[in-house]
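Residue-level listing of the chains:
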Amino acid sequence: MLLKGRKKMKFIKIAIIVVLLVCFASCKDSNEPETLGYVVAIGIDEPEEGEEGYDITLQFANPDKISGGSGEAGGDGGEGSIENITVPAPDIYSAINIANHIISKKFVLSHTKLIVFSDEIAKKGIKNFLDSINRNPEIRPNIYFAVSKTSARAFLEAVNPKTEVNPVRYYTMLFENDYSGFIPQNMGQDFYLFYDSEEKSPVMPLCSIVNTEKGGDYPDYGYQYKVEDYTAGEIRENAGGVQIAGMALFRGDTKISETGDTKTEIFNLLTGEYQSSYVSYYFSKTPETPVTVMQTQKKRPKIAVSTKNSAPKIVVTLFLEADISSSEEAFLIESDIEAFSLEAANALKEQATAFFVETKALGVDIFGFGSYAKRNFATIDEFSAYNWKEAYKNAEFEIKVELSVKRTGLLVRG
Amino acid sequence: MKNEKISEREQTLVLANLLSVKAIFAFPRTIFETSANAAWIEIIYVSLLVWAALEISILTYRKTGKKSVLEMAESVGNKPFKIAVGFSVALIFCANFITEMRMFAESVKIILLPRTEMEYIMILLAAAICVGQKSGLRATATINAIFFPICLIFLGFIVIFLGKTYNVNNIFPILGKGASSILKGGIKNMSCFSDILALNILIPHTEDIGVPKKSGRKALLIATVTMLFICLSYELCYPYPWTKEYLLPVYQLSTRIRAGEYFQRFEAFFEFVWEISQLLYSAIYIFLISEVLARTFDLRDKTAICYGVIALVTLFALQPSSIVAALGASRLANAIAAPIAYLLPIAVPLLYAAKRKKKDEIH
């Protein structure tokens with residue numbers, strides 16, 4: 001009888017363990033990877049005439065084409081690794097819902113890397129999208145927002161990641177290129193953290209498909225000398241495809257202006273997000289040939305903002321290091337390094353000041369100097385009463401550039 | 001009733017878990033609501049207030065010895081007073097625990113298991129607590145002493161890996177909404193450490209009276225440092241007013257970690273810390289509630305009421321109709337429970353000491 005009881009208990013215990021194992025397996029929430037459509041980019045356009053809502057393009061990865069690596073024999077590179085579907089919908093999630101009924105996959109946003117707004121949408125305001133992006137636990141904070149100068153759909157359809165098998169990595173490489181200053185280095189999350197803020201105005205990278213009919217302007221400044229001030233799409237190239245360069249400036253959630261790549265680089269320098277890139281400088285001793293350096297931001301800029309009166313005074317110190325990459329063959333740059341450093345620093349100062357004046361006129365503090373101004377106030381109410389956005393229009397700007405030329409490449413002539 | 005003894009280290013970590021779990025979950029946003037950027041100052045202020053309350057209650061130990069408020073209440077006002085105090089303590093624990101249980105289940109549903117019913121998640125949690133209960137206080141405290149420090153190390157990783165994302169300007173204006181908001185908000189938010197009442201209930205489980213003194217102070221220090229680091233990291237990453245918008249600050253922080261191009265998606269770190277600490281927290285709380293009820297009614301074995309308590313607590317946790325209602329209920333429960341939680345371990349020993357003095361005088 002006792003044995004029978006023990007056996008019974010053993011059976012009950014095993015049964016409980018089996019039931020718990022089944023219960024804790026979370027099978028209900030599991031998904032087989034081949035049943036999922038991984039949305040890597042979303043494009044938002046104005047609807048066609050007479051329609052309401054938006055035209056939403058979902059760009060999703062084609063896992064069959066991604067398997068293996070680009071280096072594997074017989075691989076197609078990244079071609080065909082992405083597909084696009086455009087549906088009319090009032091918001092992103094409705095678009096996903098509709099797309100789920102068209103494509104035999106369940107669309108998920110956990111690998112979404114880019115959200116592209118068309119220029120028209122950006123000019124009207126994107127507030128409504130920000131809330132829905134922020135609420136969804138599937139969407140990660142490290143996505144990128146961009147404004148497309150063409151329609152977002154056209155941009156996404158032109159994307160063809162030939163050199164990258166993985167489309168997510170393709171976007172990461174494009175938007176987080178440490179060796180380029182022509183794209184504002186900020187994540188989408190920065191946009192929704194600051195679009196409604198008193199201390200900073202947000203920006204977004206500009207993207208476009210190549211439009212070779214248009215070209216950039218040669219600015220008169222010595223910084224990026226003889227490099228045209230392009231925005232996305234204007235760079236002449238023979239490969240076609242898409243371009244990301246320059247940035248859109250926002251007041252609140254509405255696009256008000258845009259700048260070219262040189263100014264974007266200065267933006268990155270002033271915000272401390274710049275890493276390194278090749279920069280061509282005007283040098284009075286070789287006016288026809290720019291001196292090109294590999295420029296690196298040694299440390300984040302030192303920013304001090306004084307708010308003693310209604311016209312704040314902003315002082316920025318940049319710490320840059322440069323290695324000479326090319327100069328005029330007939331001229332010994334090595335003998336005039338000090339003079340070059342000084343001229344280069346002045347060229348950068350001039351260009352940065354001009355850009356600051358431009359943003360002042362627009363009334364948008366895209367550099368986030370307001371965040372430093374907050375340090376002068378004890379409470380949020382005091383800072384609000386100062387009205388930084390208005391004060392910024394009267395701000396004085398002083399920039400100091402500590403640029404030191406460290407190396408001259410493999411040549412040391414003289 | 002079996003009186004399981006736990007060591008000083010185990011007691012310290014049990015208390016530290018009870019005090020820190022709120023910091024790991026939703027509580028930081030409550031502090032940002034009252035003090036904005038100055039949340040970190042408010043935490044220091046709150047911990048000083050709680051420290052003062054703790055020191056006062058520790059002072060009474062000299063007169064009361066190894067007696068918890070329940071035993072003292074019996075000496076002061078016999079059975080009726082003991083039942084009143086016992087019920088109050090149990091209700092405070094329930095108020096603290098029920099809302100945390102609901103919030104945990106809701107968060108699991110939002111983050112991990114969106115298609116699973118919340119009730120099912122809660123029942124699974126209740127089943128896990130039952131297993132913890134079966135093992136007893138000693139086993140729970142020992143497991144907690146192993147895992148809670150690991151949880152703290154993982155939290156430390158989150159704080160360190162976020163270094164690149166920190167923006168010092170976010171802590172300015174330094175006083176946030178102003179000094180008066182910090183002072184008023186601090187008193188309101190003392191509820192975050194109201195679990196300190198558990199120290200008194202655990203007194204009979206310690207070897208000598210020196211243990212609760214030391215472990216109380218150490219646990220409060222651990223909890224203060226944990227909460228301070230979480231709040232500071234949170235506000236260095238997110239500017240106000242966003243700090244008061246997110247439901248789960250530590251989860252939000254873990255999503256921002258990027259250590260290089262490939263080392264991302266640190267949510268797993270958070271989920272580990274979150275689930276382990278919540279399970280241990282729940283097991284300890286159910287033990288405490290059952291222990292209080294068993295001692296109040298002089299029951300020889302509390303096993304039977306344990307399961308009843310778990311069922312009751314689960315049912316109550318399911319009552320709020322939505323997460324918004326659950327947050328509202330949590331605020332209300334904290335506002336009612338916190339003052340009593342701090343008053344009981346001071347008032348009852350004082351009454352006990354007064355009664356004993358009177359008795360001595362008569363003798």
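Residues numbered from 1 in each chain as written. Chains lettered and ligands numbered in written order. Predicted model: local features only at pLDDT ≥ 70, side-chain atom pairs only at ≥ 80, totals over all residues.

## Thoughts on the interface of chain B and chain A
Taken residue by residue, the interface counts 23 residues in chain B and 23 residues in chain A. Grouping the amino acids of the side of chain B that touches chain A by side-chain chemistry returns 13 nonpolar, 5 polar and 5 charged. (Contact = placed C-beta atoms within 7 Å. Nonpolar A, V, L, I, M, F, W, Y, C, P; charged D, E, K, R; others polar.)

## A look at the packing of helix 3 (residues 39–64) of chain B against helix 8 (residues 210–237) of chain B
Residues and elements named next belong to chain B. Packing of helix 3 against helix 8 leaves a shortest axis separation of 10 Å and a crossing angle of 170°. Relative to helix 8, the element helix 3 lies roughly antiparallel. Residue-level contacts link A39, W40, I43, I44, S47, V50, W51, L54, I58 and Y61 of helix 3 to K213, G216, L220, T224, M227, L228, C231, L232 and E235 of helix 8. (Axes fitted to C-alpha atoms, helices over the stretch in contact; angles between N-to-C directions. Helix = DSSP H or I, 4+ residues; strand = E, 2+ residues; numbered from the N terminus. Parallel < 35°, antiparallel > 145°, perpendicular 65-115°, else oblique.)

## Examining the confidence of the model for chain B
Residue and element names in this part refer to chain B. Residues with a pLDDT of 70 or more make up 99% of chain B, whose mean pLDDT is 86. Within chain B, helix 6 (residues 179–188) carries the highest mean pLDDT (91), whereas helix 10 (residues 267–296) carries the lowest (85). Predicted complex, confidence summary: ipTM 0.84, pTM 0.87. (pLDDT = per-residue confidence, 0-100.)

## Observations regarding the sheet that holds strand 10 (residues 276–281) of chain A
Through backbone hydrogen bonds, the strands of a sheet pair up, either in parallel or in antiparallel fashion. Residues and elements named next belong to chain A. Pairing is mixed in the open sheet, where 4 strands are placed in the order 10-11-12-13. Among the strands making up the open sheet, the edge pair consists of strand 10 and strand 13 (396–407). In this sheet, adjacent strand axes meet at a mean angle of 40° when their direction is disregarded. As paired elements, strand 12 (residues 313–326) and strand 13 share 11 bridges and run parallel to each other. When the sheet's bridge partners are listed, A322 is paired in strand 13 with V405. Contacting strand 10, strand 11 (291–306) and strand 13, helix 10 (residues 337–362) runs over the sheet at an angle of about 150° to strand 13. (Pairing = 2+ DSSP bridges.)

## Description of the environment of E228(A)
Note on placement: E228(A) falls in the loop between strand 7 (203–209) and strand 8 (242–251). On a C-alpha basis, the gap between E228(A) and T262(A) in space is 8.2 Å, while along the polypeptide they are 34 residues apart.

## Observations regarding helix 3 of chain B
Under the 1.5 Å per step criterion, the end-to-end length of helix 3 of chain B is 37 Å for 26 residues, consistent within 8% with the ideal 38 Å. Once helix 3 of chain B ends, the next one or two residues include G65(B), with phi positive near 70°. (Expected span 1.5 Å × (residues − 1).)

## Thoughts on the packing of helix 9 (residues 261–271) of chain A against helix 10 of chain A
Residue and element names in this part refer to chain A. Helix 10 packs onto helix 9 with a crossing angle of 95° between their chain directions and a minimal axis gap of 10 Å. Classified by the angle between their axes, helix 9 and helix 10 sit roughly perpendicular to one another. Residues K263, I266 and L270 of helix 9 pack against Q351, A352 and F355 of helix 10. Looking at the contact of helix 9 with helix 10, its residues break down into 4 nonpolar, 1 polar and 1 charged.

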